Every structure is written in C-alpha cells, then in structure tokens.
Amino acid sequence: MTALDQTDTAQSRGILLLILAMVLISINDMLIKGLSDRFPLHQIVLIRSMVAIVLTMVFIRWEGGFRILRTDRPWLHAFRALLLVGANLFYFAALATLPLAEANALFFVAPILITLLQIPILRVQVGPRRILAVLAGFLGVLVILGPGIAGGAGNLPLWALLLPLAAASCYALMQVLTRLLGAKSAASAMAFYVQGTFILVGLGFGFIAGDGRYAEGLDNPSLLFLLRPWIWPGPSDWLLLVSIGLFIAVVGYAIAQAYRISDPATIAPFEYTALPLAVLWGVLFFDDIPGPETLLGIVLIAGAGIFVVLRERRLGNPPPKGPLR
C-alpha cells in the first residue's frame, strides 16, 4: 500500500468514526430529551458520567495506563471541564423546551463564535471571507430566533432559544482557551477529567436540590428539568441511562481517534451530519416538524460553519475537536 493509499484509508476511517460519533450524539440528545419530563438533569448526568468514566478508564489502559492522568496543568483541565459542564447544562436545559432541530442548529454556531473569540484572545487576523461567513451564521441565528423575538410565535420562547447559544459560547471559549494555554494530555485523560467533573457537579446538585424543594410551584420545563426531585429509575429507564453513558464514552473516544488519525480540517465538516439527524429524530419521536424559518436558519448556520472550518484549514489553524455533549 502506498503512502497516498494509507492517507486515504486514514481519512476514510476518520470520517466514519466522526459520523459514528455524531449519530451517537444525536441519539444521546434524543434520549435525554425523552427523559427530561421525568428525571432531573443532574441525576441523568451523574448516572451517565459514572458509566462513561468506567469505560473511559478502559480507554486509558489502552493509551498508556493511569500514569497519563498526571498533569502539570490541573487548573487548565479543571477550567476546561467546568466550561464543558456549563455548555452541557445550558444545552440539555434547552432540550426540555425546544425541538431537537432548533437546539442543535443554535449550538452549532460554536465554530463561528470560535472565529470571533480568536480575534481578541489569540490575536488572529480574520479576513473579509470569514467575516462574511460569520455574518451569514448570525443571520441564520436571527432567522431561528425571529419568532421568539417577535413574541413567542411558534411556541418557542426567546429565553429557551438563548440557552443553546449560551452553551455554544461556553464551548467556544473552552476551545479557544485550550488552544491558547495548550493541553497535551491524551484524549482519554481529558475525558476522564471531564467526566469526573460531571460526577462532582451531579452529586453537588443532588445534595442541594435532589429532594425537589426548589421545583415546587415551577411550571418552566427547563427549570423543572434542572430542579425536580430524584426518582429511582425503573428497569427500562436504567437501560436508557446506561446506554447514554456508554454512548458518550464511545463518542469521546471516536472523536479523539478520528482527529488523531485524519486531517482535522478534512473531517470536521462531517460533524454537521448531526443537524439532519436532529431533524429526523425530532420528526420521528417528538412530532416536531421544523418550519421554513428553522430550515433556512439551519442551512445558513451549517454553511457558515463549514466555510469557516475549511477556511481555517487553508490558513493552518486546527478546527475544534467535536461538540462533546
């Protein structure tokens, strides 16, 4: 096999791994949305992360053993993990109120926000083409936000539409600061720190709000998802919760492996396969049929994001490694 054939094979494997990760992420989102009217978010996150961290330790063994957990920048990993926790909490809180398509599309504004944040933080020069792509992406955001801005038309309140944007902001800041400060740990080690932080946050939420005292009298679905009391899962619920944990552990490894063996900028656009999948699951399982404004917004955001990724490739800047949720 020639070097070119080996490169093509690696790129194909990377694409397949990334598509697998996006399929599992979209299923993960669909399952969490389905559980959001019965379980509190912090209970789901805690069980998910406890399952995921066990599988992550298996990956750690494969990547060199537990010695790879040693780091000289624990504060960087802690800050990175907290930003990811914030991104997850905002995003999943949005799922309790929003259709999957709208929530996904608004979260995928993250690559556009990364481009903007690079200007003041990394002192990156952004040319007119990327500026136009950023403007197109934000136009897509405004198209989706339009009904909420107009007063909640379409039963999508503005506050809920802002939650995935807050999630995207946390994620974008995490990516830019990681790029600025440097994170040389193995992917499985970083996943371990993240899942460990999720466990601590889930336990903290459970200790403070697990009895449901703060959910009394609330009718806001997102706040109820955050604050409702813990309940003991039934057998079918345990199957779903454990599956969510297994999925997110495989997602983390698949994304890391895809970007390790392939050219990041070549495979990064395939992350946007999550968008049509979100539309599909929303239609099949929740009867959420996106309107023309949502579809136009999705096209604008996805097109702008893919252009930004491809432009960053030409300029030699690595794209972000996956919208981990």
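Starting afresh in each chain, residues are numbered from 1 along the sequence in its written order. Local features in this predicted model are restricted to residues of pLDDT 70 or higher, and side-chain atom pairs are both shown and tallied only at a pLDDT of 80 or more, whereas totals for entire chains, interfaces and linings draw on every residue. In computing side-chain values, all of the structure's heavy atoms are included and hydrogens and water are not.

Q: Any chance you could explain the overall build of the chain here in plain terms?
A: Broken down by element type, the chain carries 13 helices and zero strands. Numbered from the N terminus, helices here are DSSP runs of H or I no shorter than four residues, and strands are runs of E no shorter than two. Helices and strands appear in the chain in the N-to-C order α-α-α-α-α-α-α-α-α-α-α-α-α. The contact definition used throughout considers only heavy atoms, calling two residues in contact when any of these lie within 4.5 Å. Restricting the contact set of the chain to residue pairs at least 6 apart, pairs at least 24 apart contribute 86%. Counting every atom, the chain has about 14600 Å² of accessible surface; 68% of that belongs to carbon and sulfur. Note that accessible areas follow from Shrake-Rupley with a 1.4 Å probe, and for residues the cover is restricted to the protein chains shown.

Q: What am I meant to see in helix α4 (residues 100-107) here?
A: Along an α-helix, residues three or four positions apart point the same way, because every turn accommodates 3.6 residues. In terms of burial, α4 is largely enclosed, as eight of its eight residues are buried. Buried, partly exposed and exposed residues are distinguished by accessible area as a fraction of the type maximum, computed with a 1.4 Å probe on protein chains only: under 20%, between the cut-offs, and over 50%, respectively. Taken as a whole, α4 has its buried residues at L100, A101, E102, A103, N104, A105, L106 and F107.

Q: So what exactly am I meant to see when it comes to the packing of aromatic side chains here?
A: The description of an aromatic ring pair uses the distance of the two centres, along with the angle that the planes make with each other. Between rings of Phe, Tyr and Trp, where Trp is taken as its six-membered ring, a pair exists when centres lie within 6.5 Å; planes separated by under 30 degrees are stacked, by over 60 edge-to-face, and by other angles tilted. Inspection of every chain in the model, using the stated rule, returns eleven aromatic pairs. Geometrically, the ring pair formed by F107 and F108 is edge-to-face, given 6.5 Å between the ring centres and 85 degrees between the ring planes. Judged on exposure class, the residue F107 and its partner F108 are both buried. Centroid distance W281 to F285: 6.1 Å. Interplanar angle 50 degrees. Geometry classified as tilted. Highlighted residues: W281 and F285, both in helix α12 (residues 274-286), separated by four residues, approximately one helical turn. A relative accessible area of 15% places W281 in the buried class. Put simply, the rings of Y91, F92, F107, F108, Y171 and Y272 touch in pairs and so form one group of aromatic residues. The aromatic ring of F286 is capped on one face by K33, whose charged end is 5.4 Å from the ring centroid. Either the NZ atom of lysine or the CZ atom of arginine qualifies as a charge over a ring when it sits within 6 Å of the ring centre and within 35 degrees of the ring normal. A cation over a ring is seen here: R48 above F198, with NZ or CZ 5.1 Å from the ring centre.

Q: Can you walk me through unusual backbone geometry in this structure?
A: Trans is the prevailing form of peptide bonds, just as negative phi is the prevailing case for residues other than glycine. Even without being a glycine, D287 presents a positive backbone phi close to 55 degrees. By the secondary structure assignment, D287 is in the loop between α12 and α13 (292-314).

Q: Got a minute to help me understand the environment of E293 in this structure?
A: By the element assignment, E293 lies in helix α13. Take E293: its relative accessible area is 44%, and that puts it in the partly exposed class. Spatially, the C-alpha atom of E293 lies 6.0 Å from that of V143, the residues being 150 residues apart in sequence. Once you skip the residues sitting within four places of it in the chain, E293 turns out to touch V143 and I144.

Q: Would you mind going over the confidence of the model for the chain with me for this structure?
A: When pLDDT is averaged along the chain, the result is 85; 88% of the residues meet or exceed 70. A residue's pLDDT is the predictor's confidence in that residue, given on a scale from 0 to 100. For the chain, per-element mean pLDDT is lowest for helix α11 (residues 264-267), which scores 75, and highest for α12, which scores 95.

Q: What am I meant to see in a nonpolar patch on the surface here?
A: Side chains of L116, I119, I131, L132 and L135 sit close together on the surface and give an oily, nonpolar patch of about 420 Å² of accessible area. At the level of elements, α5 (110-121) and α6 (128-149) are the ones that each hand at least two residues to the nonpolar patch. Take the nonpolar patch: its biggest share by element is three residues, from α6. Examined against the element boundaries, L132 turns out to sit in helix α6. By relative accessible area, L132 is classed as exposed at 57%. Exposure above 30% relative accessible area and no salt bridge define the residues that can form patches, which grow by joining like charges within 9 Å and nonpolar side chains of Val, Leu, Ile, Met, Phe, Trp and Tyr within 5 Å. Here a salt bridge means any side-chain nitrogen of Lys or Arg lying within 4 Å of a carboxyl oxygen belonging to Asp or Glu.

Q: Mind showing me how you'd approach the packing of α4 against α12 here?
A: A packed helix pair is summarised by two numbers, namely the angle formed by the two axes and the spacing between the axes. Lines are fitted to the C-alpha atoms to define the axes, a helix being fitted only along its stretch in contact, and any angle between axes, read from their N-to-C directions, falls within 0 to 180 degrees. In the contact formed by α4 and α12, the axes pass within 8 Å of each other and the chain directions differ by 160 degrees. Compared by their axis directions, α4 and α12 come out roughly antiparallel. Along this stretch, α4 crosses α12, giving a crossing that reads as right-handed. Between α4 and α12, the residues in contact are L100, A101, N104 and A105 and A274, L275, A278, V279, W281, G282 and F286, respectively. Note on residue classes: Ala, Val, Leu, Ile, Met, Phe, Trp, Tyr, Cys and Pro are nonpolar, Asp, Glu, Lys and Arg are charged, and everything else, Gly too, is polar. Class assignment for the residues of the contact of α4 with α12 results in nine nonpolar, two polar and no charged. Roughly parallel refers to an angle under 35 degrees, roughly antiparallel to one over 145, roughly perpendicular to one between 65 and 115, and oblique to any angle outside these ranges. By definition, turning the near helix anticlockwise from the far helix through less than a right angle yields a left-handed crossing, and turning it clockwise yields a right-handed one.

Q: Please clarify how the pattern of salt bridges should be interpreted in this entry.
A: Pairing is possible between side chains of opposite charge, provided their charged atoms come close. Tallying each qualifying case throughout the model produces two salt bridges. R38 is the partner of D237 in a salt bridge, and the nearest nitrogen-oxygen pair spans 2.9 Å. In this pair, D237 is assigned in helix α10 (residues 235-261) and R38 in the loop between α1 (3-35) and α2 (41-62), connecting sequence segments 199 residues apart. Note that D211 is salt-bridged to R213, the shortest N-O span being 3.0 Å. Residue classification places D211 among the partly exposed positions, given a relative accessible area of 48%. The class of R213 is partly exposed, set by a relative accessible area of 44%.

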